[in-house]
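Here are the chains, one letter per residue:
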Amino acid sequence: MSGKVKNWHDDAFFGMHYDLHGHDDDLPGFCGKVDEEQLYRLWSELKPDWVQCDGKGHPGYTTWFCKTGWTTPTLERDDVRAYRNASKRLGIPLGVHYSGLRDGKAVEENPDWHSINFDGRKRRDCICLTSDYLDKIMIPQLIELVEDYDVDGFWIDGDNWGATACWCERCQKTFTARTGITEVPMSPDARYYREYMDFFRTLFEEYVAKYTAAVHARKPECMICSNWMYSVRQPEEIRVKVDYLSGDFTPNYGADRAALEGRFLSSRNMPWDLMAWGFTRNVYLDLHKTSQLMKSAVHLSQEIAEPIALGGATMIYLSPMRDGRLSEFEHKIVSKVANEFIHPRREICFKTQSASEIALLHLAGNYYARNNPLYNLGTAHDALEGALHLMQETHRSTDIISSEDTLNRLNDYKMIVLPESKCVTAGEKAAILKFAENGGIVFGTGADFANEFADELGIAMDGSVIEEPVYGYSNMINHRRFTAVRFNGEGCSMPGPVQPVKPLDGTEVLAELYPTIDGDCEEGTVKPLATCKRYGKGLLAGFYCPAFALYVQNHYYVLRNMLDDMLNKVGFEQSVKLNAPEYLEMILRKRDNEYHINLLNRSSVEVMSPRRVVATSLAPIKDITIQVKDNGEFSKVSVFPEDKNLIWKRISPDTLEIALPQVDIHSIVMLSE
């Protein structure tokens, strides 16, 4: 695509998304009451920068009367035409939700398009990447929407997370032809399994590149996004020229997902947004035995605060009724969020840059060694998310960066963290060590980190890695692990893998491994488990257990206090110190000569649980104190939303102290010259 073509998503801050996923069992009258006038009226109140309508859902049926493929059998009115007409009247772009690699009807009609597992089972609704589905169905339908409806973009769903490895005869032959490997791996433990997964990740990128090029050839200003591509799920170098990055975070506990993904997407140097589901449900009940619940304005605002504070754009997803009408009461809630929360923050927050001094490294080799192929998370991101939660709750503003950024931009930070990382490449390790040599602080966790950086850490292994003990039924319920850590008289059981170490000359011990959480220990049973050592002008430190993966599972305060103490001991001093409860999150950003301290209230008056899924109120966080080391740079302090009781003063030539009376959901303290 020519560089002269304007990307409308560059300036898009708030969008609305609607999808229907038409089924063959939809009742007569499907989309029969979609109303262009209602769309125009509701969007006039919301003032979105763009909207996205349904085109084709995972069942494979379209919500327009398509020429190629299969229209929803009971479709009564052209859904895409109504959305196109209303959006043109408002002068805003129209994107189309289109399910890519998840298409139930396509594989029903073309069984050889089905993705096959290594045991011969067909995967539900999954398209094989070597089939001709792309040429025969997907590209013709996308071009049809461009030519007949003049749509402005595509949000391809069921794509990244829907991609799978396939063991059909066609895929096996293609793998051998491309790699020369004749021994096709038939299980995750087999030889060449990694090469087989890499092969399919390459096929996926080729697939996205092909449909992107086809659409751009017909309409260069039609912007393409593949849902969750190059997100935490896909942390490698950006090679396919998609136009922006996006994803829909989970309907339950969405703020956690937005916090994780937003920090990664904001580091990718591309336009991006995150979509909040406007509704939720009890995900532990069968879909047909629970109800879909609209979130409150407070709930949505708390979730959306994450991408907004991180400088990104946001969408809200609402599901139309099956007859095509939009819910009036749901749009009243969204109108309140849009006009009272989202729009007022655009000028302050949109397109800011990070001012964080810590980076969590999200290395592709580490992730793909643990994830659920090809791109699904499984538990591969647990340590990364646990590290982020720890940083949030100890008021440390943090970015998440990729392998590519590890090689190119570590000098933007004072400290980097490797959360239970393994498979660190030689290039990545060299960049990490150079960062430490130049004065940076490196903090890693996990047994693999101990082994891969032993020489530089100044440690030797004290015996083998201690794996998870095996417990018999008699003591399974009330067992105490034989591996534990202690801090300030309190203990925490620590599951394996745990690697005790022996510190060598010049290495300091930060924490020890105990056989129990409490009580006296026999001589020789307590061993070093965390250490630090000077390295060049900087420092290397490690905690050789799955501390962050454990933290995301339970957020145990003893572990939080212990890790907080370690990070203080290794000498990291953030420019901003916050005195507030752990549920007040801080995100540091900047724009030109202005410095922004974003404060996000992550609490809830209700105790959230699978049976209490909608927050209706937040308790304001009061009496917050902030200290900023600014070297005398700033002379003006203000806050949004305005609080006339804000007090600030200079307590030393290089330090400001700010007293903020209250944060409701999201406040931004702004410092300038």
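Residues numbered from 1 in each chain as written. Predicted model: local features only at pLDDT ≥ 70, side-chain atom pairs only at ≥ 80, totals over all residues. Heavy atoms only, no water.

S.K.: Just give me the short version of the overall build of the protein, but keep the residues and values in it.
M.R.: If you tally the helices and strands in the protein, you get 19 helices and 34 strands. Expressed along its principal axes, the backbone C-alpha trace of the protein runs to roughly 80 × 70 × 55 Å. For the protein, with 673 residues in total, the buried portion stands at 59%. A total accessible area of about 27,300 Å² is found for the protein, and carbon and sulfur atoms account for 48% of it. (Helix = DSSP H or I, 4+ residues; strand = E, 2+ residues; numbered from the N terminus. Buried < 20%, exposed > 50% of the residue type's maximum accessible area, 1.4 Å probe, protein only. Areas by Shrake-Rupley, 256 points an atom, 1.4 Å probe, with all protein chains shown as cover.)

S.K.: Just give me the short version of unusual backbone geometry, but keep the residues and values in it.
M.R.: Between Gly 496 and the following residue, Pro 497, the backbone shows a cis peptide bond with an omega angle of 0°. Along the chain, Pro 497 falls in the loop between strand S22 (490-493) and strand S23 (501-503). Although it is not a glycine, Tyr 192 sits at a positive phi angle of roughly 75°. Assignment of secondary structure puts Tyr 192 in the loop between helix H5 (169-179) and helix H6 (193-218). For Tyr 192, a relative accessible area of 23% translates into the label partly exposed. The backbone phi angle of Lys 351 is positive, close to 65°, even though this residue is not glycine. As for its position among the elements, Lys 351 is in the loop between helix H10 (346-349) and strand S15 (353-354). Of the residues examined, Lys 351 reaches a relative accessible area of 38% and is grouped as partly exposed.

S.K.: Any details on the packing of helix H18 (residues 547-554) against helix H19 (residues 557-569)? Residues and values, ideally.
M.R.: With their axes 10 Å apart at the nearest point, H18 and H19 run at an angle of 140° to one another. One element, H18, and the other, H19, form an angle in the oblique class. For the pair H18 and H19, the crossing hand works out as left-handed. Between H18 and H19, the contacting residues are Ala 547, Phe 548, Leu 550 and Tyr 551 on the first element and Leu 559, Arg 560 and Leu 563 on the second. (Axes fitted to C-alpha atoms, helices over the stretch in contact; angles between N-to-C directions. Parallel < 35°, antiparallel > 145°, perpendicular 65-115°, else oblique. Left-handed = near helix turned anticlockwise from the far one by under 90°. Contact = heavy atoms within 4.5 Å.)

S.K.: Break down the nonpolar core for me, with residues and values.
M.R.: Counting residues in each nonpolar core, the largest one holds 185 residues, and the members touching the most others are Phe 154, Phe 200, Tyr 211 and Phe 543. Aside from chain neighbours lying at most four places away, what touches Tyr 211 is Leu 134, Met 138, Ile 139, Leu 142, Ile 156, Asp 159, Ile 224 and Ser 226. Membership of the second largest hydrophobic core comes to 23 residues, among which are Val 576, Ile 597, Ile 626 and Val 628. (Core = buried A, V, L, I, M, F, W, Y, C linked by side-chain atoms within 4.5 Å.)

S.K.: Before we move on, can you summarise the sheet that holds S15 with the specific residues and values?
M.R.: With respect to topology, five strands assemble into an open sheet ordered S15-S28-S29-S34-S31, the strand pairing being antiparallel. Each edge of the open sheet carries a strand with a single partner, namely S15 and strand S31 (636-640). One ladder, built from six bridges, connects strand S29 (residues 594-601) with strand S34 (residues 666-672); its direction is antiparallel. Each residue of the ladder has a partner; that of Ile 597, found in S34, is Val 669. (Pairing = 2+ DSSP bridges.)

S.K.: Mind laying out the state of the cysteines, listing which residues take part and the relevant values?
M.R.: Evaluated as defined, the whole model comprises zero disulfides. Cys 492 supplies the cysteine sulfur nearest to Cys 521, a cysteine that is in no disulfide, at a spacing of 15 Å. Residue Cys 521 is classed as partly exposed on the basis of its relative accessible area of 27%. (Disulfide = S-S within 2.5 Å.)

S.K.: If you had to explain the sheet that holds strand S26 (residues 538-543) to someone new, which residues and values would you point to?
M.R.: If you trace the seven strands from one edge of the open sheet to the other, you get S17-S16-S18-S19-S26-S25-S24, paired in mixed fashion. Of all the strands in the sheet, the pair left with one neighbour each is strand S17 (398-402) and strand S24 (508-513). The average angle at which neighbouring strand axes cross in this sheet is 20°, direction not considered. The pairing of strand S16 (residues 358-362) with S17 spans five bridges and is parallel. Note that in S17 the partner of His 362 across the bridge is Ser 402. Sheet strands in contact with helix H14 (residues 426-437) are S16, strand S18 (415-418), strand S19 (441-445), strand S25 (527-535) and S26, and its direction is about 125° off that of S26.

S.K.: Before we move on, could you go through the packing of helix H8 (residues 297-309) against helix H9 (residues 328-342) and cite the residues and values that matter?
M.R.: Running from N to C, H8 and H9 point in directions that differ by 45°, and their axes come no closer than 10 Å. Overall, the two elements H8 and H9 adopt an arrangement that is oblique. As for the relative orientation of H8 and H9, their crossing is right-handed in sense. For the pair formed by H8 and H9, the contact residues are Ala 297, Leu 300, Ser 301, Ile 304, Ala 305 and Ile 308 on the first element and Ile 333, Lys 336, Val 337, Phe 341 and Ile 342 on the second. Across the contact of H8 with H9, the residue classes break down as nine nonpolar, one polar and one charged. (Nonpolar A, V, L, I, M, F, W, Y, C, P; charged D, E, K, R; others polar.)

S.K.: Summarise the side chain of Ser 301; cite the residues concerned and give the values.
M.R.: With respect to the secondary-structure elements, Ser 301 resides in helix H8. The residues contacting Ser 301, other than those within four sequence positions of it, are Val 337, Phe 341 and Ile 665.

S.K.: Explain the pairing of S17 to me, using residue names and the numbers behind them.
M.R.: Summarising burial for S17: five of the five residues are buried, a large majority. Here S17 shows no split at all, with Thr 398, Ile 400 and Ser 402 on one side and Asp 399 and Ile 401 on the other all buried.

S.K.: Describe in detail the pattern of salt bridges, supporting the description with residues and values.
M.R.: Counted by the stated rule, this structure contains 46 salt bridges. Here Asp 462 and Lys 527 are joined by a salt bridge, their closest N and O atoms 3.9 Å apart. Of the two residues, Asp 462 is situated in the loop between strand S20 (459-461) and helix H17 (473-476) and Lys 527 in strand S25; the sequence distance between them amounts to 65 residues. Asp 630 is the salt-bridge partner of Arg 650, the closest N and O atoms lying 2.9 Å from each other. Separated by 20 residues along the polypeptide, Arg 650 in strand S32 (residues 647-652) and Asp 630 in the loop between strand S30 (621-629) and S31 bring together distant segments of the chain. Judged by relative accessible area, which is 34%, Arg 650 ranks as partly exposed. By relative accessible area, Asp 630 is classed as buried at 3%. Members of the salt-bridge network, linked through shared partners, are Arg 84, Lys 88, Asp 150, Asp 152 and Lys 219. (Salt bridge = Lys/Arg side-chain N within 4 Å of Asp/Glu carboxyl O.)

S.K.: Describe the packing of aromatic side chains, with residues and values.
M.R.: Per the counting criterion, the structure on display carries 25 aromatic pairs. Relative to Trp 167, the ring of Phe 118 lies with its centre 5.4 Å away and its plane at 80°, an arrangement referred to as edge-to-face. Of this pair, Phe 118 sits in the loop between strand S6 (114-116) and strand S7 (122-127) while Trp 167 is found in the loop between strand S8 (153-157) and H5, placing the two residues 49 residues apart along the sequence. You can call Phe 118 partly exposed: its relative accessible area is 31%. Linked through ring pairs, Phe 118, Trp 167, Phe 175, Tyr 196, Phe 199 and Phe 200 together constitute an aromatic cluster. (Phe/Tyr/Trp six-rings, centres within 6.5 Å; stacked < 30°, edge-to-face > 60°.)

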